[in-house]
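Spelled out from the first residue to the last, the chains are:
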Amino acid sequence: MKIILYASIALIAVSFFILVVYIARTLTVLQETIRRLTAAIDHMDKEVQSIAAETTQLLKKTNELADGVQKKVEGLNSLVHAVSDVSSTVQSFNRSLQQISASVTKQVETHQEKVVKVMQWGNALMEIWEKWKERRQKKMKEVALDGKK
């Protein structure tokens, strides 16, 4: 029975030795994994810092662009107000022209007969004026011909 006891102790010792060897290998692999993980985290930390710096620069440029756009929008607002004022002025001018046109049309309609008579008298006066000019030119030519003789 002592042999079984010694064999059991030997088996336990060998098992314990194998267990220690496997735990040592596992710890070695775990140590290497942790070392690689630490290196990867260090690399990622550097990348994050680089990205943070670029993001900060980009944010500054974006803010500058936003300020520029805001200033241009304010300038456009004054332009829009000016165009609105011009539009109001043009509309007012159009209303005035429509009122004047309506007034003139109404006056022409009420005095249409008088306008026709004035036009007839104007035409008659123009004919008289043309005839008078023709006679005058004729007399001037006769005087000029008499003066040459």
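Residues numbered from 1 in each chain as written. Predicted model: local features only at pLDDT ≥ 70, side-chain atom pairs only at ≥ 80, totals over all residues. Heavy atoms only, no water.

### With respect to the pattern of salt bridges
So, step 1. Following the criterion strictly, the structure yields two salt bridges and no others.
So, step 2. Glu32 is paired through a salt bridge with Arg35; the nearest N and O atoms lie 2.2 Å apart. A residue pair is termed a helical-turn pair when its members lie 3 or 4 positions apart in one helix, as Glu32 and Arg35 do in helix H1 (residues 2–110) at three residues.
So, step 3. For Arg35, a relative accessible area of 49% corresponds to the partly exposed category.
So, step 4. A salt bridge links Glu32 to Arg36, with the nearest nitrogen and oxygen atoms 3.3 Å apart. Here Glu32 pairs with Arg36, and both are found in helix H1, just four residues apart, close to one helical turn.
So, step 5. Overall, the relative accessible area of 30% leaves Glu32 in the partly exposed class.
So, step 6. One network of salt bridges, with partners in common, ties together Glu32, Arg35 and Arg36. (Salt bridge = Lys/Arg side-chain N within 4 Å of Asp/Glu carboxyl O. Helix = DSSP H or I, 4+ residues; strand = E, 2+ residues; numbered from the N terminus. Buried < 20%, exposed > 50% of the residue type's maximum accessible area, 1.4 Å probe, protein only.)

### Re the UniProt feature "transmembrane region" (unreviewed entry) in the chain
So, step 1. As recorded in UniProt, the feature "transmembrane region" (unreviewed entry) lies at residues 6–27.
So, step 2. For the annotated span residues 6–27, helix accounts for 100% and strand for 0% of the residues, and the straight-line distance between the end C-alpha atoms is 31 Å. (UniProt positions renumbered as here; feature names shortened; annotations may be inferred.)

### Examining the environment of Arg25
So, step 1. Tracing the chain through its elements places Arg25 in helix H1.
So, step 2. Remark: the alpha-carbon pair of Arg25 and Asn94, spanning 69 residues in sequence, is separated by 97 Å.

### Details of the UniProt feature "coiled-coil region" (unreviewed entry) in the chain
So, step 1. UniProt marks residues 27–54 with the feature "coiled-coil region" (unreviewed entry), using the numbering shown here.
So, step 2. When the span residues 27–54 is considered, its composition is 100% helix and 0% strand, and the gap between its end C-alpha atoms is 40 Å.

### Structural notes on a positive patch on the surface
So, step 1. Taken together, Lys131, Arg135, Lys138 and Lys139 make up a surface patch of like positive charges.
So, step 2. The exposed category is assigned to Lys138, whose relative accessible area is 56%. (Patch = residues over 30% accessible without salt bridge, like charges linked within 9 Å, V, L, I, M, F, W, Y side chains within 5 Å. Areas by Shrake-Rupley, 256 points an atom, 1.4 Å probe, with all protein chains shown as cover. Lys, Arg positive; Asp, Glu negative; His and termini not counted. Charge placed at Lys NZ, Arg CZ, Asp CG, Glu CD.)

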